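Coordinates in review
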Amino acid sequence: PPALAVIGRPNVGKSTLVNRITRSKEAVVEDVPGVTRDRVSYDAEWNGKDFTLVDTGGWEQDARGMHKRVAEQAEMAVDEADAVVFVVDGLVGATAVDEAVVRMLRRKKKPVLLVANKIDAPSQMSEVYSLWNLGLGEPYPVSALHGTGTGDLLDAAVKALPEFAEHGGMIPTGGPRRVALVGRPNVGKSSLLNKLAGSERVVVDSVAGTTMDPVDEFIELGGETWRFVDTAGIRRRQHMASGSEYYAMLRTQRALDKAEVAVVLLSVEEPVSEQDVRIIQMAVDSGRALVVAYNKWDLMDEERRYYLEREVTRDLAHIAWAPRVNVSALTGWHKDKLAPALDTALTSWGRRISTGRLNAFLGELVAATPHPVRGGKQPRILFATQPSTRPPRFVLFTTGFLDPGYRRFITRRLRETFDFTGSPIEVSMRVRE
Ligand code: GDP
């Protein structure tokens, strides 16, 4: 099962939390700072999903002998985990040691849930808000002692854990970047795959650090190896009389779940169809980076071209941020354009804007174009932060609800200013009284 590691410096209440989660008295609760323990694993379950809960000793960044070993244990636990619960003392806020942990976690690129423990009453929330600054997303206020807040935490934690892949293996993290090639039947997915793979097909065993998965294919593009996920589903063409669209959609969803970037393949042969629209929507909803590719460009003529550009403006306007590549799987024309587009989209997808730059940008924006006054009131934006990447998510702390139009305006300007070509971005609000 997937592993969830619980880390944090000594005395923040990790073991109490682990106790809560396992509902057992197995974990040892310690009051002595810096006591060394090795990692302890428990079988846990939440919402019907099994996982391994890994309890670690405390982390001290700059410590002598014993502490250092504990730090190493914590780092090792993170390396082996699929998601991490990082516990801080919610009454104290983030310490320098916690900030060091954040730097370590950022390097690891694992999903992290930030827990503000020891919040036994709503009146103790004041330090919790400042934890947004750590850039790890929304802090979960929890009282491990009383059990409040742990349900929400676990809901989010099991969501962050990967599903078991079809063949029983885990969804691999790290290694070559993962691409889902999606599109309705006959747009040329398998032809394109063949053209891309060509003679440059990479032998699976030669790719270091990857789990062998016979449903994926490794393809060298632009000097880099890419993992095209679930290509078996493309190669094994489905000729089912009924329900084939249903299975195609299921396959599309599965591929998107496993990928970091989606290539939605369209064909110049026909206008954008309902099925194309549904697939595009699935790709957008997945929160993955996105590239649009128009195939069969060898069939293009003047007249078709005229209509195609009109269709693009009409049907693809909502994903105008996705780079578009025109290709021909038949001739191989422009097949070298795909890798740069994938790279651009993935770079945007992982882009992090520092809190300083973000707030400077917003300050200027609001000064130049203030929020309209509604009913004598004008909500103010107090502070903004980017809690997560892949895809980039932004949170605005405001004194009231922002006009949807104004929110779209901010989103658009964020996109233009920091260049999120090929990545969806999300802007949400937190209204403070
Ligand atoms: P899939 O269902 O998306 O995997 O589509 P296929 O790769 O099986 O292709 C469907 C049909 O389109 C086949 O007859 C291909 O030969 C043809 N095809 C694919 N790519 C191109 C292309 O770039 N140009 C032209 N003219 N035909 C193509």
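Here, the structure is the one placed above.
Residues numbered from 1 in each chain as written. Predicted model: local features only at pLDDT ≥ 70, side-chain atom pairs only at ≥ 80, totals over all residues.

1. Topic: the nonpolar core
One finds V179, V182, A262, V264 and V291 to be the most contacted residues of the largest nonpolar core, which totals 43 residues. Discounting chain neighbours no more than four positions away, the residues touching A262 are A180, V182, L256, A283, S286, R288 and L290. Counting 42 residues, the second-largest nonpolar core is a separate cluster that includes V54, V85, V87 and L153. (Core = buried A, V, L, I, M, F, W, Y, C linked by C-beta atoms within 7 Å. Buried ≥ 20, exposed ≤ 12 C-beta atoms within 10 Å, placed from the backbone. Contact = placed C-beta atoms within 7 Å.)

2. A closer look at the sheet that holds strand β12 (residues 324-326)
Pairing is mixed across the open sheet formed by six strands, whose spatial order is β8-β9-β7-β10-β11-β12. Strands with a single pairing partner mark the edges of an open sheet, and in this sheet they are β8 (217-221) and β12. Averaged over neighbouring strand pairs, the angle between their axes works out to 30° when direction is ignored. Direction of pairing for strand β7 (residues 177-182) relative to strand β10 (residues 261-267): parallel, over a ladder of four bridges. Of the residues in β10, the one forming a bridge with V182 is V264. Lying on the sheet, helix α6 (residues 189-197) is in contact with β7, β8, β9 (224-228), β10 and β11 (289-295); it crosses β8 at an angle near 60°. (Pairing = 2+ DSSP bridges. Helix = DSSP H or I, 4+ residues; strand = E, 2+ residues; numbered from the N terminus. Axes fitted to C-alpha atoms, helices over the stretch in contact; angles between N-to-C directions.)

3. Comments concerning the pairing of β11
For β11, the buried fraction is high: seven of the seven residues fall into the buried class. Every second residue of β11 is oriented toward a common face, with A289, V291, A293 and N295 on one face and L290, V292 and Y294 on the other, all of them buried. The pairing of β10 with β11 spans seven bridges and is parallel. If you follow A262 over to β11, its bridge partner there is L290. One crossover worth recording links β10 to the parallel β11 by way of helix α9 (residues 274-285), and it is right-handed. The pairing of β11 with β12 spans three bridges and is classified as parallel. Pairing of V292 across the sheet is with R324, part of β12. The β-α-β motif built from β11, the intervening helix α10 (residues 302-315) and the parallel element β12 has right-handed crossover chirality. (Right-handed = clockwise from strand over helix to strand, strands pointing away.)

4. Observations regarding the site of the ligand
Around the ligand lies a shell of 16 residues, among which G188, K189, S190, S191 and A329 are the nearest. Per-element accounting of the shell around the ligand gives the leading share, three residues, to α6. Residues of the shell around the ligand, tallied by class, amount to six nonpolar, seven polar and three charged. (Near = placed C-beta within 6 Å. Nonpolar A, V, L, I, M, F, W, Y, C, P; charged D, E, K, R; others polar.)

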